[in-house]
Amino acid sequence: MFELPKKEDIFNHGIPSTPDDITEIVIKAMGQTGNPRLREILTALVKHLHAFGREVKLNDEEFTQALDAVTRLGHLSVGKHNETVVMSDALGFSTLVMILNQNRDADQMSPALLGPFYTRKDPEYPNGFNIARDTPKESDIPLFVRGRVQDKHGKPLANALVEVWHASPEGLYDNQDETMPANNLRGKFRTDGDGQFHFRTIRPASYPIPTHGLVGDMLRAQGRHPFRAAHLHFTVSADDHATLVTQIFPQDDLFVESDCVFGVTSADLAIDFPMHDDGKAPDDDVTGAYCTLDLTFDLSPGESRLPQSPINA
Ligand code: BEZ
Ligand code: FE
C-alpha cells in the first residue's frame, strides 16, 4: 500500500496553456530540489533537452529510436565493454568535460581522455621492465620510454606512480583479446630519487574503436572512420599533486587530426618517437631497429586520486 501525500505538501506546478509552457512548468516542478547543484544541473538539462526537441522538431518515430538507443547503450555496457563511455567519447563530450575541468597552466602538458580500457589492476614493475609480454612478432618495433616526473616548477618528484597501458600493434587491449597474456602492454612504475622512470614496450599502432554497437552505427551513418591515432595512455600521480591522465601520440600518425574520439586534445601531446638503427639499444637482445620516447610530466599541486576503471576487467 502507498500513502497519499498531504494536500498541503503537494506543490502544484500547474497545467500548460500553450505548448511552450511545458518547459517552464517542468522547471518549476523541479524547483524544490533540495541539493542546489542538482537543481542547477537538472534545470539546465530540461532547458536544453526541450530546446533540442523543439529545434529538430523530433517526431514520434525518432523519439522511439532515441529511447531505444539509450536502452541499447545500457545493454551493450556489460563486463569488459562500456558502450556508454565510447559513445560519450565519440560525441566529443568526454573531451569537452575534461577540457572544462583541467586545472593546468598553458605551459604544462595537456590532459587527455582516460578511455574505456583502464583497469587499474596492472602490476607494478621495476624500472626497465618490458611490458610487452606476448610472443614477439617480427613486425614489432621495440620502444624504450624514459621520463621524468616533476612539479610545475621543475623540481623532480620521487616515488611518483606512472601507469601506462596501450593497445597491441593489432589494435587490441589485453582485455579485448583472450589470446594475449594478462596485463600485456600494461604496467606501473615508480620514479627514482631524481624523478626518473623508464620501461620498454613495443610501438603502438592506430586502431579502430569497437564498432559492434550503437557507436559503430553512428559512425557509419556519419561517414566517419573508427580509428584512433596510435597512443600510449598514462596516469601520473604523486602525493599532494593532482593526478594527470593523458595520452601521447606519435606526431606522424595518419589519424592525429581525425582521431574518432577527439582524443588528441592538444598539439603538445603529438610528439616525435625517433627511430634508431645504430645497434645501441638499451637492451642487448634488441639488435635491429628500435624507437625511443622521452617524456616530461609536470604535476600541479592538488589531490592525488587514481580514476575508477570504466570496465569490470
Ligand atoms: C581508447 O583510448 O582506447 C579509446 C578511447 C575512446 C573510445 C574507445 C577507445
Ligand atoms: Fe586507448
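What counts and how
- Residues numbered from 1 in each chain as written.
- Chains lettered and ligands numbered in written order.
- Predicted model: local features only at pLDDT ≥ 70, side-chain atom pairs only at ≥ 80, totals over all residues.
- Heavy atoms only, no water.
- Core = buried A, V, L, I, M, F, W, Y, C linked by side-chain atoms within 4.5 Å.
- Buried < 20%, exposed > 50% of the residue type's maximum accessible area, 1.4 Å probe, protein only.
- Helix = DSSP H or I, 4+ residues; strand = E, 2+ residues; numbered from the N terminus.
- Contact = heavy atoms within 4.5 Å.
- Donors = N, O, S within 2.8 Å, 3.2 Å for Na, K, Ca; no water.
- Tetrahedral: all angles 85-135°; square planar, octahedral: opposite > 155°, others 65-115°.
- Pairing = 2+ DSSP bridges.
- Near = heavy atom within 4 Å.
- Polar contact = N/O pair within 3.5 Å; in protein donor to acceptor, adjacent residues only side chain to side chain.
- Areas by Shrake-Rupley, 256 points an atom, 1.4 Å probe, with all protein chains shown as cover.
- Nonpolar A, V, L, I, M, F, W, Y, C, P; charged D, E, K, R; others polar.
- Phe/Tyr/Trp six-rings, centres within 6.5 Å; stacked < 30°, edge-to-face > 60°.

Chemist: What am I meant to see in the nonpolar core here?
Modeler: Counting 33 residues, the largest nonpolar core has V149, F234 and F297 as its most contacted members. Elements with a contribution of two residues or more to this core: strand 1 (142-151), strand 2 (161-165), strand 4 (196-202), strand 7 (232-237), strand 8 (244-250) and strand 11 (290-299). Ranked by residue count, the leading element in this core is strand 11, at five residues. V149 has contacts with K155, P156, L157, A160, V162, T191, G195, F197, V236, F297 and L299, leaving out every residue within four places of it along the chain. Grouped together as the second largest cluster of nonpolar side chains are 13 residues, L73, V86, A90 and V261 included.

Chemist: What am I meant to see in the coordination of the iron ion (ligand 2) here?
Modeler: Under perfect tetrahedral coordination by four donors, a metal shows angles of 109.5 degrees; under perfect octahedral coordination by six donors, it shows angles of 90 or 180 degrees. The protein atoms that coordinate the iron ion (ligand 2) are Y173 (OH), Y207 (OH), H231 (NE2) and H233 (NE2), at distances of 1.8 to 2.4 Å. Geometry at the iron ion (ligand 2) is irregular, judged from the six donor atoms that bind it and their angles of 55 to 174° at the metal. Binding-site remark: the iron ion (ligand 2) is held by donors from one chain whose sequence spacing is Y-x33-Y-x23-H-x1-H. Placement of Y207 in strand 5 (residues 207-208) and of H233 in strand 7 is noted, with a sequence separation of 26 residues between them. Classification of H233 by relative accessible area gives buried; the value is 2%.

Chemist: Would you mind going over the pairing of strand 2 with me for this structure?
Modeler: On a regular strand, one side chain projects to one face of the sheet and the next to the other, so that they alternate. Among the five residues in strand 2, five count as buried, and that is most of the element. The side-chain alternation of strand 2 yields two buried faces, one formed by L161, E163 and W165 and the other by V162 and V164. The pairing of strand 2 with strand 3 (residues 186-190) spans five bridges and is antiparallel. Considered in strand 3, the bridge of V164 is made with G187. Both strand 2 and strand 7 contribute to a ladder of five bridges, which runs antiparallel. Residue L161 lies in a different strand from strand 7, and its bridge partner there is S237.

Chemist: Even after reading the chapter, I still don't get unusual backbone geometry, so can you show me in this structure?
Modeler: Both trends apply: most residues other than glycine have a negative phi, and most peptide bonds are in trans. Here R120, not a glycine, exhibits a phi torsion of approximately 70°, which is positive. Within the secondary structure layout, R120 lies in the loop between helix 5 (93-101) and strand 1. One non-glycine residue with positive phi stands out, namely L185, at about 65°. With respect to the helices, strands and loops of the structure, L185 is situated in the loop between strand 2 and strand 3.

Chemist: Looking at this structure, how should I read the sheet that holds strand 4?
Modeler: Sheets are built from strands that pair by backbone hydrogen bonding, the pairs being arranged parallel or antiparallel. If you walk across this open sheet you meet the four strands as 4-1-11-10, and the pairing is mixed. Strands with a single pairing partner mark the edges of an open sheet, and in this sheet they are strand 4 and strand 10 (275-276). Here two bridges tie strand 10 to strand 11, and the two strands are oriented antiparallel to one another. Within strand 11, the position partnered with H276 by the bridge is Y290.

Chemist: What am I meant to see in the pairing of strand 11 here?
Modeler: Within strand 11, eight of the 10 residues are buried, which leaves the element mostly enclosed by the surrounding structure. Bridge count for strand 1 against strand 11 is nine bridges, and the pairing is parallel. Among the inter-strand pairings, R146 is bridged to a residue of strand 11, identified as D294.

Chemist: Teacher, can you tell me more about the environment of R37 here?
Modeler: Looking at the secondary structure, you find R37 in helix 2 (residues 36-56). R37 gets classed as exposed once you look at its relative accessible area, which sits at 51%. Sequence spacing of R37 and L76 is 39 residues, and the spatial spacing of their C-alpha atoms is 30 Å.

Chemist: Is there a simple way to explain the environment of I248 in this structure?
Modeler: Among the structural elements, I248 can be located in strand 8. The spatial distance from the C-alpha of I248 to the C-alpha of M180 is 23 Å, given a sequence separation of 68 residues. Residue contacts for I248: discarding those within four places in its chain leaves M109, A230, H231, L232, F234, L269, I271, F273, L293 and L295.

Chemist: Which parts of the structure should I look at to understand the site of ligand 1?
Modeler: The environment of ligand 1 is formed by D89, G115, P116, F117, Y173, Y207, I209, R228, H231, H233 and V261. In this structure, an oxygen atom belonging to ligand 1 sits 3.2 Å away from a side-chain N or O atom of Y173. At 3.3 Å from an oxygen atom of ligand 1 is found a side-chain nitrogen or oxygen belonging to H231. When ligand 1 is considered free in solution it has 260 Å² of accessible area, and contact with the protein chains removes 100% of it. Looking at the shell around ligand 1 residue by residue, the classes come out as six nonpolar, three polar and two charged.

Chemist: What should I look at first to understand the packing of aromatic side chains in this one?
Modeler: By convention here, two paired aromatic rings are described through the distance between centres and the angle between planes. Under the criterion given, the structure shown has 12 aromatic pairs. Here F144 and Y290 contribute two aromatic rings whose centre-to-centre distance is 5.8 Å and whose plane-to-plane angle is 85°, an arrangement assigned as edge-to-face. Of this pair, F144 sits in strand 1 while Y290 sits in strand 11, and the two are 146 residues apart along the sequence. In this pair, the class of F144 matches that of Y290, namely buried. Seen from their ring centres, F227 and F255 are 4.8 Å apart, and the 5° between their planes marks the pair as stacked.

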